[in-house]
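What the coordinates show
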Amino acid sequence: MEYQTYKPNEIVLYQNGDRFELGVVKRLAYKPDQYFIWYHTGDTAACTHARNLHKITNSYAFEIRRKNWEEI
């Protein structure tokens, strides 16, 4: 099965059951169809399979930025 591809710094929506979280693609992981995604303000990124990620098709209409620890 082919999954959507993502680029570094792309904003994505992660679906975990009935929960949804915004994330930022850090980079492609070592395994196919997996990406390291930032879901929080720290430097650690979680490895996430592409089957759980969704593109935000109207991101051009919004300004989304990831906060740093200092901004909280």
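These lines cover the structure that appears in this document, whether it is placed above or below. (Residues numbered from 1 in each chain as written. Predicted model: local features only at pLDDT ≥ 70, side-chain atom pairs only at ≥ 80, totals over all residues. Heavy atoms only, no water.)

Our next topic: the overall build of the chain. The helix and strand inventory of the chain stands at zero helices and five strands. Start at the N end of the chain and walk to the C end: the helices and strands fall as β-β-β-β-β. Against the 2.2 N^0.38 benchmark of 11 Å for 72 residues, the chain shows a C-alpha radius of gyration of 12 Å, consistent with a compact globule. Overall, the C-alpha framework of the chain stretches about 40 × 30 × 25 Å when taken along its three principal axes. Per-residue burial for the chain yields a buried fraction of 29% across its 72 residues. Contacts spanning at least 24 positions in sequence make up 37% of the contacts within the chain whose residues lie at least 6 apart. Carbon and sulfur atoms make up 50% of the accessible area of the chain, which amounts to about 5600 Å² in all. Side-chain charges in the chain split into 10 positive and 9 negative, and the spacing between the mean points of these groups amounts to 3 Å. (Helix = DSSP H or I, 4+ residues; strand = E, 2+ residues; numbered from the N terminus. Rg over C-alpha atoms; globule rule 2.2 N^0.38 Å. Buried < 20%, exposed > 50% of the residue type's maximum accessible area, 1.4 Å probe, protein only. Contact = heavy atoms within 4.5 Å. Areas by Shrake-Rupley, 256 points an atom, 1.4 Å probe, with all protein chains shown as cover. Lys, Arg positive; Asp, Glu negative; His and termini not counted. Charge placed at Lys NZ, Arg CZ, Asp CG, Glu CD.)

Another point: the sheet that holds strand β4 (residues 46-49). Strand order in the open sheet formed by five strands is β4-β3-β2-β1-β5, with antiparallel pairing between adjacent strands. The open sheet has two edge strands with one neighbour each: β4 and β5 (53-55). Across this sheet, the average inter-strand angle for adjacent strands is 50°, counted without regard to direction. Two strands pair when backbone bridges link them, and strand β3 (residues 34-38) and β4 are joined in this way by four bridges, in the antiparallel orientation. Looking across to β4, one finds that I37 is bridged to A46. (Pairing = 2+ DSSP bridges. Axes fitted to C-alpha atoms, helices over the stretch in contact; angles between N-to-C directions.)

Take the environment of K7 next. Checked against the element boundaries, K7 lands in the segment before β1 (11-16). Sequence separation of K7 and Y35 is 28 residues, and the distance between their C-alpha atoms is 9.4 Å.

Quick look at the pattern of salt bridges now. All chains considered together, the criterion is met by two salt bridges. K55 serves as the salt-bridge partner of E10, at 2.8 Å between the closest nitrogen and oxygen. On the criterion of sequence distance, the pair formed by E10 in the segment before β1 and K55 in strand β5 is long-range, its members being 45 residues apart. For the salt bridge of E21 with R19, the shortest nitrogen-to-oxygen distance reads 2.9 Å. A residue is classified by how much of its surface remains accessible, and R19, at 47% relative accessible area, is partly exposed. (Salt bridge = Lys/Arg side-chain N within 4 Å of Asp/Glu carboxyl O.)

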